[in-house]
Amino acid sequence: MNASARIIPITSELKAAAPATGALAAPLDGSLVDLRQRRVRDLRISVTDRCNFRCVYCMPKEVFDHDYAFLPRTDLLSFEEIVRIARIFVDQGVEKIRITGGEPLLRRHIENLIEQLAKLPVELTLTTNGSLLVKKARALRDAGLDRVTVSLDGLDDAVFRRMNDVDYPVSDVLDGIAAAAAVGLAPIKVNCVVKRGSNDDQILPLARHFRNSGHILRFIEFMDVGASNGWRMDEVLPSADVIACIHAEFPLQAIDANYHGEVAGRWRYLDGGGEIGVISSVTQAFCSSCTRIRLSTEGQLYTCLFAQGGHDLRALLREGGDDEKLQRLIANVWRGRDDRYSEIRSAATALPQGSSKIEMSYIGG
Ligand code: SAM
Ligand code: SF4
Ligand code: SF4
């Protein structure tokens, strides 16, 4: 598959499931809200569609092989373009920016982008597979990054190597987490995607390892993102089962969200060992409070992880569009937003045949 083949037409089932929409939403207080009265709060920026891992649930080797056409460099937004767009989003109410990918630390001189974004009044974070953190943690912190989230799908070396599918050792990622903690990129969130039958035996070892560490371990349900990971419902381990498994060894108690729209359900160890989180994107959709918007590596704006198409900001930028035009486009995109894919999918249980979805490595997780 090549880069331009990622978007296939919207299905009639999904269209039919969406409610009829009238005129653009008219916010009472002048703030930017979508058709479901959700504010725009989080901007996720993908800085590369490339990665040095081939996680089985994200970039399976068979698809992302030597022949795969990644985006050419000229198609990527430059740092200047990214910062310009980010600034406009902040003016529209964005409070959090997450840098992602692909593997964002593969983007050359990423710390220069961080340095510019850090001047904006936002919480600035980055999601990484951790493989380059030992090398980069200090520069990222010095550039002004607030926190990192590190993906880690197992503690057992053999399981971890199987999940990343490039034979990458778990010890290097653990060293990366330690390096990030040492420079103060904390609290660190550690994300584990659970695939039933592949790495669900890692739930307890991970919980034992990160208890009392100050890091927040989070388990994510395997999602039907993209069109290449062969997603099946029976490979999703519901978060409720994850909680039950940990609770049997370390009693847990549910705690309140930190803020409206937080995606992770929070639980604390009753004996004071810290907290864990679960992201139940499949079994408990949280679309009603979804405040996220995504900017792809090549400047397409997506209002949902499962959006059927993007809005081309790069074209407007490169045609010489001024800030006002960009601002108007962004506002119109958000005001017209009606996405609630996970709610629709939960009701339907499976995706309609022939539906199209954008790869996570392209749109950014
Ligand atoms: N390469 C970086 C990393 O792995 O952290 C950043 C990009 S990755 C696409 C962002 C997040 O998406 C990771 O935490 C990853 O585990 C998650 N992810 C990717 N594919 C997923 C899937 N099918 N279901 C659930 N989470 C997924
Ligand atoms: Fe790469 Fe992250 Fe996808 Fe794994 S989850 S293949 S590390 S982009
Ligand atoms: Fe947000 Fe779309 Fe995910 Fe729902 S499915 S939570 S609208 S990104």
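For the structure given in this document, a descriptive report is provided here. (Residues numbered from 1 in each chain as written. Chains lettered and ligands numbered in written order. Predicted model: local features only at pLDDT ≥ 70, side-chain atom pairs only at ≥ 80, totals over all residues. Heavy atoms only, no water.)

## Regarding the layout of surface pockets
Part 1 of the argument: Of the voids in this model, the second largest pocket is the one considered here, and its volume is about 280 Å³.
Part 2 of the argument: Lining the second largest pocket we find T48, D49, R50, L71, P72, R73, L76, L77, F79, L106, R107 and R108. (1 Å grid on protein atoms, 1.4 Å probe; cavity = no way out; pocket = protein on both sides within 12 Å on 5 of 7 lines; lining within 4 Å. Points joined across faces, edges and corners; volume = space filled by probe spheres on them.)

## Some remarks on the nonpolar core
One broad rule of soluble globular proteins: the nonpolar side chains tend to lie buried together.
Part 1 of the argument: Judged by nonpolar contacts, the single largest core of 108 residues is most densely connected at I45, I97, I99, L117, F219 and I246.
Part 2 of the argument: If we skip the residues at most four places from it in the chain, I99 touches I45, V47, P104, I110, L113, I114, L117, L124, T125, L126 and T127. (Core = buried A, V, L, I, M, F, W, Y, C linked by side-chain atoms within 4.5 Å. Buried < 20%, exposed > 50% of the residue type's maximum accessible area, 1.4 Å probe, protein only. Contact = heavy atoms within 4.5 Å.)

## Thoughts on unusual backbone geometry
Part 1 of the argument: The peptide bond linking A186 to P187 adopts the cis configuration, its omega dihedral lying at 0°.
Part 2 of the argument: By secondary structure assignment, the location of P187 is in the loop between α6 (170-182) and β5 (189-194).
Part 3 of the argument: Its identity is not glycine, yet D165 carries a phi of approximately 60°, on the positive side.
Part 4 of the argument: Relative to the helices and strands, D165 is located in the loop between α5 (157-164) and α6.
Part 5 of the argument: Residue classification places D165 among the partly exposed positions, given a relative accessible area of 23%. (Helix = DSSP H or I, 4+ residues; strand = E, 2+ residues; numbered from the N terminus.)

## A word on the side chain of R314
Part 1 of the argument: In this structure, R314 sits in helix α9 (residues 313-318).
Part 2 of the argument: In this structure R314 comes out as buried when scored by relative accessible area, which is 18%.
Part 3 of the argument: From its side chain, R314 meets the backbone oxygen of D75 in a polar contact 2.7 Å long. (Polar contact = N/O pair within 3.5 Å; in protein donor to acceptor, adjacent residues only side chain to side chain.)

## Observations regarding the packing of aromatic side chains
Part 1 of the argument: Under the defined criterion, the tally for this structure stands at 7 aromatic pairs.
Part 2 of the argument: Consider the rings of F306 and Y341, whose centres lie 4.1 Å apart with planes at 20°: the pair is stacked. Residue F306 is found in the loop between β11 (300-302) and β12 (311-312), and its partner Y341 is found in helix α11 (residues 341-348); the two are separated by 35 residues along the sequence.
Part 3 of the argument: Since its relative accessible area comes to 5%, F306 is described here as buried.
Part 4 of the argument: What links up through ring pairs into an aromatic cluster is the set F53, F160 and Y168.
Part 5 of the argument: Over the ring of F250 we find R211; its NZ or CZ atom is 4.0 Å from the centre of that ring.
Part 6 of the argument: The aromatic ring of Y269 is capped on one face by R211, whose charged end is 4.8 Å from the ring centroid. (Phe/Tyr/Trp six-rings, centres within 6.5 Å; stacked < 30°, edge-to-face > 60°. Lys NZ or Arg CZ within 6 Å of the ring centre and 35° of its normal.)

## Re helix α10 (residues 323-335)
In an α-helix there are 3.6 residues to a turn, and that puts residues three or four apart on one side.
Part 1 of the argument: Taking 1.5 Å per residue as the helical rise, α10 with its 13 residues ought to reach 18 Å, and the 18 Å between its terminal C-alpha atoms agrees with that figure.
Part 2 of the argument: For α10, the set of buried residues is L326, I330, A331, V333 and W334. Along the axis of α10, the buried positions cluster into a sector of 160°, meaning they face one direction only.
Part 3 of the argument: Buried residues along α10 sit against α2 (79-91), β10 (292-295), β11, β12 and α9. (Expected span 1.5 Å × (residues − 1). Arc of directions from axis to C-beta.)

## Looking at the pattern of salt bridges
Part 1 of the argument: Here the structure, examined in full by the defined rule, presents 23 salt bridges.
Part 2 of the argument: Ionic pairing is found between R38 and D34, a salt bridge with its closest N-O pair at 2.6 Å.
Part 3 of the argument: Residue classification places R38 among the buried positions, given a relative accessible area of 3%.
Part 4 of the argument: For the salt bridge of K61 with D165, the shortest nitrogen-to-oxygen distance reads 3.8 Å. Remark: D165 occurs in the loop between α5 and α6 and K61 occurs in the loop between β1 (42-46) and α2; sequence separation between them is 104 residues.
Part 5 of the argument: Bridged by salt links that share partners, the residues D34, R38, R337 and D339 form one connected network. (Salt bridge = Lys/Arg side-chain N within 4 Å of Asp/Glu carboxyl O.)

## What about the site of ligand 1?
Part 1 of the argument: Around ligand 1, 19 residues are found, and the nearest of them are Y57, G102, S151, V193 and M223.
Part 2 of the argument: Within the side chain of S151, a nitrogen or oxygen atom sits 2.6 Å from an oxygen atom of ligand 1.
Part 3 of the argument: Calculation on ligand 1 without its partners gives an accessible area of 540 Å², and the protein chains cover 95% of this total.
Part 4 of the argument: Elements supplying a minimum of two residues to the shell around ligand 1: β3 (123-128), β5 and β6 (216-221). (Near = heavy atom within 4 Å. Areas by Shrake-Rupley, 256 points an atom, 1.4 Å probe, with all protein chains shown as cover.)

## What to know about the site of ligand 2
Part 1 of the argument: C51, F53, C55, Y57, C58, M59, G102 and N129 make up every residue found near ligand 2.
Part 2 of the argument: The class makeup of the residues in the shell around ligand 2 is 6 nonpolar, 2 polar and no charged. (Nonpolar A, V, L, I, M, F, W, Y, C, P; charged D, E, K, R; others polar.)

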